[in-house]
Amino acid sequence: MKCGIVVFPGSNCDHDCYHILKHILNQETHWLWHKEEANLESFDLVVLPGGFSYGDYLRAGAIARFSPIMNSIIRFAESGGKVLGICNGFQILLECDLLPGALIQNQSRKFICKNVSVRIENTDTPFTLQCGKNQVLEIPIAHHQGSYYIDPFSLNHLEENGQILFRYCDTSGNVSAESNPNGSVGSVAGVANGGKNVMGLMPHPERCADPELAGTDGQIIFQSLISNS
Amino acid sequence: MLAQIHVTFKEGVLDPQGKTVHHALNDLGYDEVLDVNIGKYLEIKLDSASEEEAEIRVREMCERLLANTVIESFRFTLVPTE
């Protein structure tokens, strides 16, 4: 699988994503600099990593979505290319309308950094095809603006269309207000576009994918993508 | 010309900051406070040929960048400067 990792000013999970894809999963991995458009035709996957692109000024992701590389990524996504946005990358994908909805400040008003459980809601996507139905993954979150919002009508539409891929839950897979860390509507932790080739999530799978560190639950998302390429 | 722009959350979108300030004001004895909505205020200096042109361009700036219309609404006034 040929992967590209986008580097914005303020990205800080770019090296983690690069490490997992290149050194742990042995995939061909390249950097993509935000200032330049790129020919992505030969790529299988583009990752928008976490961090604080442009200092989160105005709104998280609002400035980054106008970077030159985003023109290439929008074209890539529209022609069926797979795009994964993690945390700040998710915020950028929402700002440029590749994904529906928005992310607002956590209900608690606090920056939350901890392991959470998420339940797989749809296994019929390139990002989750190796997961079991209702499988629970333990993945860390680290964000201040991670409360997913979409109007009730559109939330229903996402549900019916299988676009909700991850929901916050407890360790047994039960979804409740207590297991929702940030006040996201419908406990949504990750969504895909209608074509299921663009996905964004707030949890950080790249932070739990190296066996040297505690937990490898995040690997399954990358392995799903590899098996689909 | 000066554009004075207000960006606020739409009705129904959770505003945790507004909620906290609301409670704080009630705790201070301002029982008449019914709701608090915290938003952003931007001042943009413009070199526009006319107010009509400024109106069109500022609206576009709000829609493209300054507000995320999924969650926010905006309003602005144009003030003449010498």
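See above for the structure.
Cut-offs and rules
- Residues numbered from 1 in each chain as written.
- Chains lettered and ligands numbered in written order.
- Predicted model: local features only at pLDDT ≥ 70, side-chain atom pairs only at ≥ 80, totals over all residues.
- Heavy atoms only, no water.
- Helix = DSSP H or I, 4+ residues; strand = E, 2+ residues; numbered from the N terminus.
- Rg over C-alpha atoms; globule rule 2.2 N^0.38 Å.
- Buried < 20%, exposed > 50% of the residue type's maximum accessible area, 1.4 Å probe, protein only.
- Pairing = 2+ DSSP bridges.
- Axes fitted to C-alpha atoms, helices over the stretch in contact; angles between N-to-C directions.
- Contact = heavy atoms within 4.5 Å.
- Buried area = accessible area lost by both parts, 1.4 Å probe.
- Salt bridge = Lys/Arg side-chain N within 4 Å of Asp/Glu carboxyl O.
- Polar contact = N/O pair within 3.5 Å; in protein donor to acceptor, adjacent residues only side chain to side chain.
- Nonpolar A, V, L, I, M, F, W, Y, C, P; charged D, E, K, R; others polar.
- Disulfide = S-S within 2.5 Å.

A.B. asks: If you had to explain the overall build of chain A to someone new, which residues and values would you point to?
C.D. replies: When its secondary structure is counted, chain A shows 5 helices and 11 strands. In terms of C-alpha radius of gyration, chain A reaches 16 Å, essentially the compact-globule figure of 17 Å for 229 residues. Reported as C-alpha extents along the three principal axes, the dimensions of chain A are approximately 45 × 35 × 30 Å. Looking at chain A residue by residue over its 229 residues, the buried ones come to 59%.

A.B. asks: For the sheet that holds strand S1 (residues 2-9) of chain B, give the residues involved together with the corresponding values.
C.D. replies: All names here are of chain B. An order of S2-S1-S3 is seen for the 3 strands of this open sheet, with the pairing classed as antiparallel. Here the strands that pair on one side only, and so sit at the sheet edges, are strand S2 (40-45) and strand S3 (72-79). Neighbour-to-neighbour, the strand axes of the sheet open up by a mean angle of 20°, direction not taken into account. Looking at chain direction, S1 and S3 are connected through 8 bridges and run antiparallel.

A.B. asks: Got a sec to walk through the interface of chain B and chain A? Specific residues and values, please.
C.D. replies: Contact with chain B, which involves 17 residues of that partner, is made by 14 residues of chain A. Across the interface of chain B and chain A, roughly 1400 Å² is buried in total on both sides, 65% from carbon and sulfur atoms. The largest per-residue losses of area from chain B upon contact with chain A belong to B:Leu14, B:Pro16 and B:Leu65, which jointly make up 34% of the total buried on that side. Between chain B and chain A we count 1 salt bridge in total. In this structure, B:Glu72 engages A:Arg59 in a salt bridge whose closest nitrogen and oxygen atoms are separated by 3.7 Å. The tally of links between chain B and chain A comes to 5 residue pairs in polar contact (both at pLDDT 80 or more). Of all elements in the fold, only helix H1 (16-27), S2 and helix H2 (51-66) of chain B reach the threshold of two or more residues within the side of chain B that touches chain A. Classifying every residue of the side of chain B that touches chain A by side-chain character gives 10 nonpolar, 4 polar and 3 charged.

A.B. asks: With reference to specific residues and values, describe the sheet that holds strand S4 (residues 82-86) of chain A.
C.D. replies: All names here are of chain A. One open sheet holds the 9 strands; their spatial order is S2-S1-S3-S4-S11-S10-S9-S6-S7, and the pairing between them is mixed. Here the strands that pair on one side only, and so sit at the sheet edges, are strand S2 (28-33) and strand S7 (136-143). When the angles between neighbouring strand axes are averaged without regard to direction, this sheet yields 25°. In the packing of helix H3 (residues 88-95) onto the sheet, contacts are made with strand S3 (45-48), S4, strand S10 (188-192) and strand S11 (198-201), and the angle to S4 comes to roughly 120°.

A.B. asks: So what's going on with the pattern of salt bridges? Residues and values would help.
C.D. replies: Between side chains of opposite charge, a pair can form as their charged atoms come close. Counted under the stated rule, the structure contains 8 salt bridges over all chains. One salt bridge connects A:Glu95 with A:Arg59, and the closest N-O pair in it is separated by 2.8 Å. Of this pair, A:Glu95 sits in helix H3 while A:Arg59 sits in the loop between S3 and helix H2 (68-78), and the two are 36 residues apart along the sequence. Note on A:Arg59: relative accessible area 6%, which makes it buried. One salt bridge in this structure joins B:Glu55 and B:Arg59, with 3.2 Å as the shortest N-O distance. Here B:Glu55 and its partner B:Arg59 are both found in helix H2, 4 residues apart, which amounts to about one turn of the helix.

A.B. asks: Explain the state of the cysteines to me, and be specific about the residues and the numbers.
C.D. replies: With the rule as written, the count across this model stands at 0 disulfides over all chains. You can see A:Cys13 has no disulfide; the closest cysteine sulfur is in A:Cys17, sitting 6.6 Å from it. We classify A:Cys13 as buried; its relative accessible area is 1%. In this model B:Cys62 remains outside any disulfide bridge; the closest cysteine sulfur is found in A:Cys96, 20 Å from its own. We classify B:Cys62 as buried; its relative accessible area is 0%.

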